[in-house]
Amino acid sequence: MVDYHAANNQPSGGPQTYMEQENDWDRDLLLDPAWEKQQRKTFTAWCNSHLRKAGTQIENIEEDFRDGLKLMLLLEVISGERLPKPERGKMRVHKINNVNKALDFIASKGVKLVSIGAEEIVDGNIKMTLGMIWTIILRFAIQDISVEETSAKEGLLLWCQRKTAPYKNVNVQNFHISWKDGLAFNALIHRHRPDLIDYDNLRKDDPVTNLNNAFEVAEKHLDIPKMLDAEDIVNTARPDEKAIMTYVSSFYHAFSGAQKAETAANRICKVLAVNQENEQMMEDYEKLASNLLEWIRRTIPWLEDRTQQKTVNDMQAKQEDFRDYRTVHKPPKVQEKCQLEISFNTLQTKLRLSNRPAFMPSEGRMVSDINAAWHTLEGAEKGYEEWILSEIRRLERLEHLAEKFHQKAAIHESWTSGKEAMLTQKDYETSTLSEVKALLRKHEAFESDLAAHQDRVEQIAAIAQELNELDYYDSASVNDRCQKICDQWDTLGALTHRRKDSLERTEKQLESIDELYLEYAKRAAPFNNWMEGAMEDLQDMFIVHNIEEIQGLIAAHEQFKSTLPEANKEREAIQAIQAEVQKIAQSNGIKLSGANPYTTITPGSIDDKWEQAMAMVPQRDKALQEELNKQNSNDTLRATFATQANAVGAYIQAKMEEIGRISIEMNGTLEDQLTHLREYQQSILSYMPEINKLEGDHQHIQEALIFDNQYTSYTMEHLRVGWEQLLTTIARTINEVENQILTRDAKGISQEQLYEYRASFNHFDKSISGAEKRSRCDHTGSLIAEEFKACLISLGYDVENDKQGDTEFARIMSIVDPNNSGAVTFQAFIDFMSSETTDKDSADQVIASFKILAGDKNYIMPDELRRELPPDQAEYCIARMAPYTGPDGVPGALDYMSFSTALYGESDL
């Protein structure tokens, strides 16, 4: 919307400016009356340069304008418009009426004449006459001069500075003393017509010669009348600024054609500079994307390698390599990925703002491709870490099972040693009946012992089977030893069955047996087996992962110790049987052979094993207590990690929520918001020591082989991902503000307009309920179609629910939501509003600029490009322009039209 009030109060070129210039005029004349002479001559010459087009001139500026006739003629010549018919009478009233007609015409051009009346001009007031002529010069000769949107005076000065910049001894800073040595006038002429001035032969210490040379060349070859005297300029400490400006403006208008070419060249340079910068950003993006994808491609096979190791130490070495990857190699790549996304968004914003087609990366290098590859990398990373932990558990389990297998195998092999020889002997063939009965009972005791050892054999086989299932690296030797034990066990079973058959065949002939020996044997065998089992359990290795498990083992051990008094009673009962045998033998004069015929278990061996078992109990107590202390220490590590993890998790969540809130608030200018966000980003980065501390705590957890933590729901992986998301989110938010600044500066949107757009957008973004926001959380910070329509209506767009409004709304939605996602982002909203309120570069504008440089030809020559454009941009155009093939072409001609069109369409540029 145009602010008419502001436009009508613009200071540049309005009545207020002319009033101030009139006041300056009065002061200047009072300060230095000598300027009047310079102004008389300069203004007279300027007036005559226009009056001669009408076939007349003036001799005395204060006298010849008194009747108003030549004044009205002068205004008609310089404006190209017809004034009211003058009055031809000679009376004073006729002169005043003519002058008033001229002054009215001046006033109709937006010039407010203060203190200048027709009577003063008719009376020949030189002060007022010169003031009036200066006002006319400002309005019709200087006001329209504009270089890069500067005011008239500044624009004329900037034009002079640019044109004379390459010349030595010339430094134009004003319109008085900078022109005294005459070099600036000669430089202006030489810049546009080098054939007229031999600049290198001019001397700074000869200003009169320099000035006269410039004045004479300008009058003779450029049709610029001599408006100044060299002696007046040199002999005046500060030449009259208005006289100098009037004369210099004649040069500007004389060279206006060259100025148009320069303006066209500047436009082309600007367009090409934007294109070159965009191309460099595209090359940088492609290179960074290729490097990142190559690193991902090389890293994923390493993370997917599942080569098994033989020992826990080997797997822990792999775990250390993985930890080094996480803390050293990956973080820089996370930063590269974030920078890649920021560069891509910035590039697209610049292309959109410069009306260029969107950048489409090479196949496989889109941001979505990189995100997909990154997602695959993180999936492989997660799987690799889980595999390492699983392998450590498996190998730990394998080492424990292998040691347990060999321990049980050694005990079994020790027990079976000599059993085959015992079962194959033929002692019963020469024994008495009592001896046979004794052998039979002994064999029954052996069968009981054999059955008791069946569990151990099954345990050995089960352990071997589990080692095979867990892929134990030395399974071959385990299987070989297990097979030997099983084969021997089968042999022992067969031999036992055979010997029993032999004893039973002779049992009918053998009747006597020592019941006490038999009872001893029957009770001693299971008790001995119990002691061996207890000793085996007391020496059994254990592995636990938490306090509850070790407490369970301690409780079981305490339960075992509670059974020892009862077991001791059984031992004493068995020893009592042997004592009873001795008592009966002594009382009946029986000679004992010294050994129990039914068992090899002696009272001494029972006592020895009992003492050994009792010695193992405190050792077991100590081992369990040490493990309990270890688990208590591990629990402390869990609590330490949990405390830090809970704090970091809460910090990350709070910061993410704050960033979300900041991104929709409007506090200060965009630069203030950008500064605040960067300070906020630094405050977040300063939290990095807490993350590093947490990594240290996590390392201690892993080194202690702790796999669970009941004190926190956070894992190190979740917190790493959260931290990376936090850094990425703040970087994206900063990038969004930077893009808004780019949009504002490129499109000329004021800060107040951005605030108005942001306020309207936020108002309708908040208009839905919290439940609806949660139900479509992916639309947070965007407007759905209904909200966007309400926002447009609030800004004055006619998109009401009728046929015309629906058609207009559909057109707008096709611009702001080309992918039909159903939501409009704030950046798309800003781009649309800026496109509605600002001008755009176009291919037609660039073609028109090239046509000016080409002298209105349909083609352009390389020399013309090199003369009008900077070297690098001229060569850029020459390298990319196609040869011109039109019928009016000449050898070497280039087609600037197709080149300009390609800048705004599909192109390889």
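Analysis parameters
- Residues numbered from 1 in each chain as written.
- Predicted model: local features only at pLDDT ≥ 70, side-chain atom pairs only at ≥ 80, totals over all residues.
- Heavy atoms only, no water.
- UniProt positions renumbered as here; feature names shortened; annotations may be inferred.
- Phe/Tyr/Trp six-rings, centres within 6.5 Å; stacked < 30°, edge-to-face > 60°.
- Helix = DSSP H or I, 4+ residues; strand = E, 2+ residues; numbered from the N terminus.
- Buried < 20%, exposed > 50% of the residue type's maximum accessible area, 1.4 Å probe, protein only.
- Lys NZ or Arg CZ within 6 Å of the ring centre and 35° of its normal.
- Lys, Arg positive; Asp, Glu negative; His and termini not counted.
- Salt bridge = Lys/Arg side-chain N within 4 Å of Asp/Glu carboxyl O.
- Polar contact = N/O pair within 3.5 Å; in protein donor to acceptor, adjacent residues only side chain to side chain.
- Contact = heavy atoms within 4.5 Å.
- 1 Å grid on protein atoms, 1.4 Å probe; cavity = no way out; pocket = protein on both sides within 12 Å on 5 of 7 lines; lining within 4 Å.
- Points joined across faces, edges and corners; volume = space filled by probe spheres on them.
- pLDDT = per-residue confidence, 0-100.
- Expected span 1.5 Å × (residues − 1).

Looking at an unreviewed UniProt entry, one finds the protein chain named Actinin alpha 4 and attributed to Oryzias melastigma. In its Sequence similarities (unreviewed entry) section, the UniProt entry covering the protein chain states "Belongs to the alpha-actinin family."

Caption draft 1: View of the packing of aromatic side chains. For the coordinates displayed, the defined rule picks out 32 aromatic pairs. An angle of 40° between the planes, with centres 5.3 Å apart, marks the rings of tryptophan 302 and tyrosine 384 as tilted. Of this pair, tryptophan 302 sits in helix α14 (residues 256-304) while tyrosine 384 sits in helix α16 (residues 367-416), and the two are 82 residues apart along the sequence. Overall, tryptophan 302 belongs to the partly exposed group, its relative accessible area being 31%. Over the face of the ring belonging to tryptophan 415 we find lysine 419, whose NZ or CZ atom lies 4.8 Å from the ring centre. The residue whose ring lies beneath lysine 789 is phenylalanine 809, and the NZ or CZ to ring-centre distance is 4.9 Å.

Caption draft 2: Structural context of the side chain of arginine 620. By the element assignment, arginine 620 lies in helix α23 (residues 603-662). The buried charged residue arginine 620 lacks any salt bridge partner; its closest oppositely charged side chain belongs to aspartate 540, at an N-O distance of 5.5 Å. A distance of 2.6 Å separates a polar side-chain atom of arginine 620 from the backbone oxygen of aspartate 540. Setting aside residues no more than four positions away along its own chain, arginine 620 makes contact with Asp537, Leu538, Gln539, Asp540, Phe542 and His557.

Caption draft 3: Spatial organisation of empty space enclosed by the protein. Tallying each qualifying case throughout the model produces two cavities of 30 Å³ or more. Lining the largest cavity are Gln319, Phe322, Arg323, Arg326, Glu385, Ile388, Leu389, His698, Gln702 and Arg720. Those elements that place two or more of their residues in the lining of the largest cavity are α15 (312-353), α16 and α25 (688-703). Of the residues forming the lining of the largest cavity, the biggest block, four residues, is contributed by α15. Size it by volume and the second largest cavity reaches roughly 50 Å³. Met422, Gln425, Asp427, Leu439, Lys442, His443, Phe446 and Arg499 are the residues that line the second largest cavity. Of all the elements, helix α18 (residues 433-469) adds the most residues to the lining of the second largest cavity, at four residues.

Caption draft 4: Spatial organisation of unusual backbone geometry. We note that asparagine 169 has phi near 65°; this positive angle belongs to a residue other than glycine. Within the element layout of this structure, asparagine 169 appears in the loop between α9 (152-164) and α10 (183-192).

Caption draft 5: Fine view of the confidence of the model for the protein chain. Residues of the protein chain with pLDDT of at least 70 account for 88%, and the chain-wide mean is 81. The model gives residues 1-31 a pLDDT under 50, and that stretch makes 36 contacts with residues more than four places away or in other chains.

Caption draft 6: Here's a closer look at helix α8 (residues 126-142). In this model, α8 (17 residues) spans 22 Å end to end at C-alpha, consistent with the 24 Å of a helix rising 1.5 Å per residue. Counting buried residues along α8, 16 of its 17 residues qualify, which places the element largely inside the surrounding structure. Taking the backbone nitrogen of lysine 127 as reference, a side-chain oxygen 3.0 Å away marks asparagine 125 as the first, capping residue of α8.

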